[in-house]
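If you want the building blocks of each chain, they are given just below.
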Amino acid sequence: MRLIVFAVAAVLAIAAPALADDMQDQILAVHNAERAAVGAPPLVWSDKLAADAQVWADHLTTVGGLVHDPDNPNGENLWMGSQDSYGYTEMAQTWADEKAYFTYGTFPDVSSDGNWADVGHYTQMIWSGTTEIGCARTSDGTWDYLVCRYSPAGNVIDEKPY
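Being a predicted model, the structure only gives us computed values, none of them experimental.

### Examining the pattern of salt bridges
Scanning the entire structure with this criterion turns up five salt bridges. Among the ionic pairs, Glu 34 bridges to Lys 99, the shortest N-O distance being 3.1 Å. Here Lys 99 lies in the loop between α3 (88–96) and α4 (120–126) and Glu 34 lies in helix α1 (residues 2–38), a separation of 65 residues in the sequence. Close ionic contact of Asp 52 with Lys 48 constitutes a salt bridge, the shortest N to O distance being 3.0 Å. Taken together, the residues span about one helical turn, with Asp 52 and Lys 48 both in helix α2 (residues 47–63) at a distance of four residues. For Asp 52, a relative accessible area of 26% gives the class partly exposed. Each member of the salt-bridge network shares a partner with another, and the members are Asp 69, Glu 76 and Arg 149.

### Let's talk about the environment of His 121
In this structure, His 121 sits in helix α4. On the accessibility criterion, His 121 (22% relative accessible area) is partly exposed. Setting aside anything within four residues of it in sequence, one finds His 121 in contact with Asn 77, Leu 78, Trp 95 and Glu 98.

### Let's talk about the pairing of strand β2 (residues 75–82)
Here β2 lies mainly inside the structure; six of its eight residues are buried. Alignment of β2 against strand β4 (residues 143–151), held across eight bridges, turns out to be antiparallel. Each residue of the ladder has a partner; that of Trp 79, found in β4, is Leu 146.

### Observations concerning the sheet that holds strand β3 (residues 132–139)
Read across the open sheet, the four strands follow the order β1-β3-β4-β2; overall the sheet is mixed. Edge strands, defined here as strands with exactly one partner in the open sheet, are β1 (44–45) and β2. Against the sheet, α2 touches β1, β2, β3 and β4, its axis set at about 30 degrees to β3.

Rules behind the numbers
- Numbers given to residues run from 1 along each chain, matching the order in which its sequence is written.
- Totals for whole chains, interfaces and linings use all residues, but because this is a predicted model, local features are given only for residues with pLDDT of at least 70 and pairs of side-chain atoms are given and counted only at 80 or more.
- The side-chain figures draw on all heavy atoms in the structure; neither hydrogens nor water molecules are used.
- Should a side-chain nitrogen of Lys or Arg be within 4 Å of a carboxyl oxygen of Asp or Glu, the pair is scored as a salt bridge.
- Only DSSP runs of H or I covering at least 4 residues are called helices, and only runs of E covering at least 2 are called strands; the numbering of each starts at the N terminus.
- Throughout, exposure labels follow a simple rule: accessible area from a 1.4 Å probe, protein chains only, divided by the maximum for the residue type, with under 20% read as buried, over 50% as exposed, and the rest as partly exposed.
- Residues count as neighbours in contact if any of their non-hydrogen atoms are within 4.5 Å of one another.
- Think of it this way: DSSP has to see at least two bridges between two strands before they count as a pair.
- Angles shown run from 0 to 180 degrees and are taken between the N-to-C directions of axes, each axis being a line fitted to C-alpha atoms and, for helices, limited to the stretch in contact.

Written as structure tokens, this is what we have:
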């Protein structure tokens, strides 16, 4: 019995840092695949943006819903779903799937239905002037929250995404 407990503890000790890397790797993979498809340069991970995102993600658990940080000078994508039901790739892919409604143009005229908010997460992902991303995930017992911060911010009025 002691051997099993030790083995589980050892695996958990090794897995904890791996989970952080797993988030970073998976989120970067989704973003950079979408960026490559439109010719935008890849994003790099920012620990500073991730730390800022963690503060806001923790705040969202007290709000119980999604609301953008009014004091955030960076770009920001928010996601919320049932706790422990989605992986990082799936979370980021929901934003990427907005490309189905994307029409290339000058922001905010970038959506096939005329509502830029229907593609706003996607356009932030592919915004060619954005160079860094940092994300954080938290849970409140019912919901998982993912906050990604982008620098410099995308979705700039009267500019093209790429």
